[in-house]
Structure formats: structure tokens, C-alpha cells
Amino acid sequence: MKRSGTLDVSAIERRRHSRYVPLAAAISAVLAGVPVAYAQEKTGALEDVVVTATKRSENLQDVPVSIQALGTEKLEELHVTNLDTYVKYLPSVTINRGNGQGNSGQPGTSHVSMRGVNSGGDGNHSGSQPTVGTYLDEEPMTTADGTLDVHVYDIARVEVLAGPQGTLYGASSEAGTIRIITNKADPKAFAAGYDLQVNQVSHGGTGYVLEGFVNMPLSPIAAIRLVGWDEHAAGFIDNVAGTSIPGSGIVNGVRTFPSWDAANGGNGTIGAGAINNSAWVKNDYNKADTKGGRGSLRFILNDDWTVTPGFMAQHLKADGFFGYDPAVGFLKVTHFSQETSSNDFAQGSLTIEGKIGNFDLVYAGATMKRQTHSVADYSDYSFFYDKLYGSGNYFYTNANELIDPAQQVVSNATFQKWSHELRVTSPKDQPVRGTFGVFLQRQLHNISENYYMPGIVGNMPGLTGGHLADFLHIPGWPDTLWLTQQLRVDRDQAVFGEVSWDITSKLTTTVGARFFKFDNSLQGFYGYSAGFSSHTGVSQCGPIGGPHDPTYHPSHGAPCTNLDKEVSQSGHTPRVNITYKIDPDKMLFATYSKGFRPGGVNRTSQAGIGPYEADFLTNYEAGWKTQWFGHRLRWNGAIFQEDWKDFQFAFLGPNSLTIIVNGGQAQIRGIESELEWMVTPALSLSSAVTFLPKDDLTQDYCGTAGVTSCPNQHKVWADGTVTDGPYAPSGTRLPQSPKFKGNLVARYTFDMAGWEGNLQAAYVYQTVTSQKLRLIDASHLGPIGAYGLLDLSGGVTKNGTSVELFVTNALDSDADLTRFTQCTETICGQQYRIPVQPRTIGLKFGQKF
């Protein structure tokens, strides 16, 4: 049943504001499995939502910021368990999975964007930081390698702050911020629960989810909360032997490398140069297992001071490839080697909340460690370079015997983050109030990528005596054609503040700013052996004592240091807001704000390519928050214009090395709307939409920093395509963001023999998108078509016990989420598509005590 008037505040805040909590309501809230301590009888009104987006606990309707919040109840109703499933219901947020170069779209490698602020190339370990910040409670979890896919269970809410949050949240909250707020330990009462789920994926296998939590008071002032989960996501992509595919180089599951095959006496189709994938043929190839746990303690020292230490760890292992090859067939690929990945992270945090006089003081500190490992088939790279250039002829031993040119990418990375924030907030009941703080953060990223070709060193079937190919491999790294061994360090410092002034009882103005400084460096080794390339790798190792001293080994045994670059910058981001309260239920606001993303260095030594600068997003916004008909209808929204200056654009250069340049200017105009309507106490409707009629470049992108007009630019691409003019002219729409994305949810509750029954239908829809900014790249991948997804569910609940049957993607839509190639689009013609998960039918049983 719907709970009304719910407030999400801590025990210490309730003491501080002298709120009285009836025992019956507290018990009802505990049985419902949510960390709330104030509940009223059902009245047919919408429940209040309390958020902490402005670093204070406030009613969502009183916060003059564009926020969408999915609370505990909503998350459960929508069957949200991970990043993909909550982004589906956030219309201002889009997600991109898979960027090639060994990234096969596996869980844990996704990148999110907001309000169309996306240039289409982020995600490389040595490249740009994200434009959207991610937080777990008070602590930042943003990484350049992908948004952490935190399992969603026993979560108080997911808050999405759209637009630049550069004042209170800083770097990489340029376009917005996602905050995952966990349920906290509560010393007031014992609570526990568990949920069991089994599901069947059409065209695939069987999955399951096991989840549980317990909240245990340790004393009247202390408690511990423990949460655990084990999820098996079924596969639905098949790695097949295949059928004859003209022109693809794959015949009956065999890939041929024309130049290598011909040199071995073959005919360019099936011969001595063929590679057979029979060892890796498997149905339901793309399985994933996620296991993890979270724990928090809470100590209420007195009425003024609370200490909350927390810890979370998660292990995610995925096998197979998460996209399909349309040339092979829907939900099918033909791959030739092992594909697996693991993604582990652990975070420890400490939050101290207290009062000094009338001022609230908060310290939030955290340390996080993320370790990733992956092995991916990279045969596309060898095949298409061989097809275009005959480069397979270079893969031979000292005895001139040709070597199997198939490749794998073996990646290992360790990412560590330390963050500290200290802030002071004045009493919020005063006409002039403020928040002031300092922030420090250091990120350390050890990166290792080994582009591996079995047979460069050692025995290989078909070779006489296993001769070495000394000139091909990196010294000390057998069978390695390309090696990346790097250390990336990103350092951030900031001071920030906001002051609000109630000019009248209805009119408030807020002025804030964040003054920042960043210092980012990249050091180590990247490239080929000296015998293979004279432009990268070992050939760039200089003399002892020189700029690339080979005796200096900072990157775990690499031949030398051929990369040592650093960039720093300082600046500030302002925010001005004016809020007008028409009445207690209706508010208008206007905001001017600015966000930024730090700059960085390029690895390449290519002429004219230097460091890339920070980019900035300026936001002009007018919004409204309203409630009607006794709080039975809530309508919030905003209209906005965002100017993106010197946006960072990443693309693959020579040897598929990522290059980042400041691409120029873009402008986004849009409208957001969120509607919730309690039609009757039994029937509720909700809808959220984002419409971006303009999401375009405002000047030509020519591929050269500082050049904004190039009508006569002539380019012959690697595949022979000829283009004239800019790579993306002014007016080109930014990639990966639909013009329209929205959802509609209807839920009906009813009595069924003493049980509360429910039926729900949820529909999401988005329009067509382009995957790449440059027209040549976009044309090779083609547009991703518009699609709609329908989810259905029904169940019963009684005294904390629930049973529910659900169907996601009920119409079994075959829509694509992402498209990509494994190297530069004009070279790698093999396209991959990451689909939405096919129709999934599940049964869920749970109990809460």
C-alpha cells in the first residue's frame, strides 16, 4: 500500500528538531523495509521525498534544483538491480556500453551522460574524465574507466541532479551527478529481510538473484547494518561456428587473413592461413556473476554528534562477448579466443556529523580500490589491417615463417582513490545561511595492456623448431606486439561555498562558487618493439640520463619510460539561483551555473597534438516545482540551455591510439518534465520525459585544435573514402543522446483475500541516436533506431511477505543500445551491436521482519 507523508531523516535529526514518532508508524516503516521513522495513515496523497542534494536534508519540493529521485519503494517496484535498470527510468541520462579496443560491453564498463552532453569518445583509461559524477552517499566513486555498476539493494534512493553541479560537487560533475544513498544503521529497532529471484531470458539461459539485509541495534546509541547479494545474469549471445559470409573473411566459422594465407599457399579463403574457432563455440556465451556486501556502523555519541563508518565490496565476473555481429546473425558472434573479465572494487568510508554552536559540521572521507582484469579477442584489428595493408606479411619469425596474426588484449588495472571533504553549514532556519567547505582528492591508476599474439616467441603448430620472432615482441614481454604500462595520477583541490538570502518570505537568492585546481600526469611506456615501429614504443627509449632514460622503470618492467607528461590548471565555477515561492506547494526558480571537467595529456608524439584543456559547461535554466489537489498530483520540470565550450573529443588515431582534442563549441536546449498523480488511493500514474530539440555543434569540427572553419578540407580515409569539408559541420547533432526519452508507469493496488495485490505496467521510449560525432565514423556504424520497451508485473504482499511475477521487455524488442568496432571505423569494418536484454520472465519472493 502507498505510504504517505514519509520523511527520510536520521534519528539524530529527529532529536534535533524534536519530532515525535508514533510507535505504530515506526513499526509499519520497518516492516516495509525502508529506513524511515515517520509514517501516517494512508490518505491518498503522494509521499514526501527527502533528498540531500544540497548537502542538507530537505524536501525535494523545496530544493531549487532539477532532481529526479527514485526511492526504496520505487526502486523495488521497477525491479531495479543495477546501473542499466535505473538509467532506463531516468530520461535525462543515457548510457553507452562498449567502445572497442578490447571493451566488449561487459558489465562495469558503461559510461553515462546527461542532457545530451556527450562527444561520443570518452572511456579510454588514458583519456578524458567523465562528464557525470557518481557518488555513494557522501563519497565520490567516479572513474575514467567506466561508471561503477553498484548492485542496487537496500538503497534509500537514487538521486539524479541534472545540469552542472560544479559548486558543491566539482570536477566531473560537469553535466550532472548521480548519488546512490544507502540505508543507514538504526539503533531504534531490529529489522531484516531477504529476496529470492529466478528468471529466464528468451533466446538465453536462466539467472537468479539472492539478496538480504539485517539491521541490528548494538546499544541504545549504536547499530550495525549488513547487506549482501549474489546475482547470476544469464547469457543470451551465442559464439557460433557460423555460415558462409561473402566478403567477411569468415567461412564456416573460419577467419582467413588474405596476405598471410596466400603466402602460405592458400587461396585467400580457406587454406594454411585459416583460424578455426571451434574451441570457443558456446551458446549463452555472455554470462555475468556479481557478488558483494555492504556494512555500516552508526554511533550516536550525543544529541549533536554522529559517527558512521562504512564498507562496501563487490566482485563482478563476466565471460564472453556482450554484443552481436549482424553479419553472423542476431545475438551471434564468431570469435576466436578466450573472452573474460573481472571487475572488483572495495570502498571504506567515514562520515562524522556534528554541531559546533549552531553550525553543522560534516567530514566525509573515503578510500576506494578497483581492480580489473580482462582477456578479449582482438583478431579484428589484425584482420582488417591485413585486409587493407597486407600487414599480416610482417608477422614472421627469424626463419621467415609466418605467425598466426590473431590477437588478444590482456588488460590489468588497479585504480585507487582517496577523497576528503570538510564542510560547515549555518542554521537553515535563518534568513541568511550558507555552506562552506574544502575538498581534496587523489586518484592513482596503474594501467597494463598487453596486445598478445601467441607464437611470436616459442613453439607454435606448423613452425619448424619454434623459431623466435625477436624483432616483433617487446623485450621482456614474450608474444607481446604492443605494450601499455602506465601510471596515471589525477589530483584535485577545491574550496567552495554557497550563501542563500531570504529577501522576503517568498523570494530567495543563492550565490555560490567553487575555486579549483587540478594537476594530472601520465607516465610510463606504450608502443611496439623497435623492430616493428620507429615511431612508438622501444624506438622512443632514449639514452641513459636523457628524457626517456631506459634505466628508469616506473611501470612494472617496461623497457623504458617513453611517456612523462603533466598538465595543471586552476579556475572557478559560479552558481546563481533565484527562487520564488508562489505558495507552500508551488515554486519557480531560475539558475545560472557552470561546470567543468579537468584537462589532461595525450600520449601521442604526433605533431600538433599537445595536452587538452579543461572544458566548461554553462547552464541557463528556469524550473518549477508544484503540487496540486491536496498533494495528489506533483509536477516538476525545467527548461534549459547549456553552452559547451572547448568540449573534449576523443578519437582513434594511427595504430588505434586514443587522441583527445578540444573540439570546439556546442549548444544544448531542452525541457524536462516529471509528473506523479495519485488518481485514487489504489491507482497511481507517473511519467518523466526529456526533450532535446537542439543538441548540436555551433561551429565546424575540423580535427585540428583552434581551427573552426574548413570548407575546403580534403581527406582520403584508410578505406579509400574521400570527404571534403569539416569532419562534422556546424549543426551536427552530438552523439549517443536521443532527441526524446521518456517513460510512463501505471500501478494499481487492490485487496485480494486479505493480501494486497498489485498490477503494474511500465513503458520507456527513446528516439533515434547517432553513435559517433565525425560523419565518416557515424556513417560506418549507422544510426541506432528508436525503440520502446514494455515491462509488466503483478504480485501480492501481506505482513512483510511478497510474491511477484514480472516480465521485462515483454514485447521482446531487438533494439540496440550501442554500436562499435574494435579499431578505427574506417579500418575495422566489423560492426558489433550491444542489444537490450531479450524478454525476461522472473519470479520474486521476499520477506521483511
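Let us look at the structure shown here.

Reading the values: the criteria
Residues numbered from 1 in each chain as written. Predicted model: local features only at pLDDT ≥ 70, side-chain atom pairs only at ≥ 80, totals over all residues. Heavy atoms only, no water. Phe/Tyr/Trp six-rings, centres within 6.5 Å; stacked < 30°, edge-to-face > 60°. Helix = DSSP H or I, 4+ residues; strand = E, 2+ residues; numbered from the N terminus. Buried < 20%, exposed > 50% of the residue type's maximum accessible area, 1.4 Å probe, protein only. Lys NZ or Arg CZ within 6 Å of the ring centre and 35° of its normal. Salt bridge = Lys/Arg side-chain N within 4 Å of Asp/Glu carboxyl O. Contact = heavy atoms within 4.5 Å. Pairing = 2+ DSSP bridges.

## Let's talk about the packing of aromatic side chains
- A complete count under the given rule lists 22 aromatic pairs for this structure.
- Here W482 and Y528 contribute two aromatic rings whose centre-to-centre distance is 4.9 Å and whose plane-to-plane angle is 90°, an arrangement assigned as edge-to-face. Taken together, the positions of W482 in strand β24 (residues 480-502) and Y528 in strand β25 (residues 507-528) put the pair 46 residues apart, joining distant regions of the chain.
- A relative accessible area of 8% means that W482 is categorised as buried.
- What makes Y528 buried here is its relative accessible area of 4%.
- On the numbers, 5.6 Å between centres and 45° between planes, the contact of Y592 with Y620 is tilted. Remark: Y620 occurs in strand β28 (residues 615-628) and Y592 occurs in strand β27 (residues 586-597); sequence separation between them is 28 residues.
- Taken together through their ring pairs, the aromatic side chains of Y451, W482, Y526 and Y528 make up a single cluster.
- One Lys or Arg, R603, reaches over the ring of Y526 and ends 5.8 Å from the middle of that ring.

## Topic: the pattern of salt bridges
- Throughout the structure, instances matching the rule amount to 30 salt bridges.
- In this structure, R747 and E77 form a salt bridge, with 3.3 Å as the shortest nitrogen-oxygen distance. Linking R747 in strand β36 (residues 740-752) with E77 in helix α3 (residues 72-77), this pair joins segments that are 670 residues apart in sequence.
- When its relative accessible area of 8% is taken as the criterion, E77 is described as buried.
- Through salt bridges with shared partners, a single ionic network connects K55, E138, E421 and R423.

## Digging into the side chain of S521
- Positionally, S521 belongs in strand β25.
- S521 has contacts with L487, R488, V489, R491, K565 and E566, leaving out every residue within four places of it along the chain.

## Brief notes about the sheet that holds strand β3 (residues 67-71)
- Read from one edge of the open sheet, 5 strands run β3-β8-β9-β6-β7, paired in mixed fashion. For this open sheet the edge positions go to β3 and β7 (139-140), each flanked by a neighbour on one side alone.
- Pairing analysis gives 2 bridges linking strand β6 (residues 132-136) to β7, with the strands arranged antiparallel. Looking across to β7, one finds that L136 is bridged to E139.

## Considerations on the environment of W644
- For W644, the position within the fold is in strand β29 (residues 633-645).
- Separated by 22 residues in the primary sequence, W644 and A666 place their C-alpha atoms 5.1 Å from one another.

## What about the pairing of strand β21 (residues 359-377)?
- Pairing between strand β20 (residues 340-356) and β21: 17 bridges, direction antiparallel. Considered in β21, the bridge of G354 is made with L361.
- Joining the antiparallel neighbours β20 and β21 is a turn of 2 residues, in which G357 adopts a positive phi near 65°.

As far as function goes, none of this settles anything; it's purely spatial.
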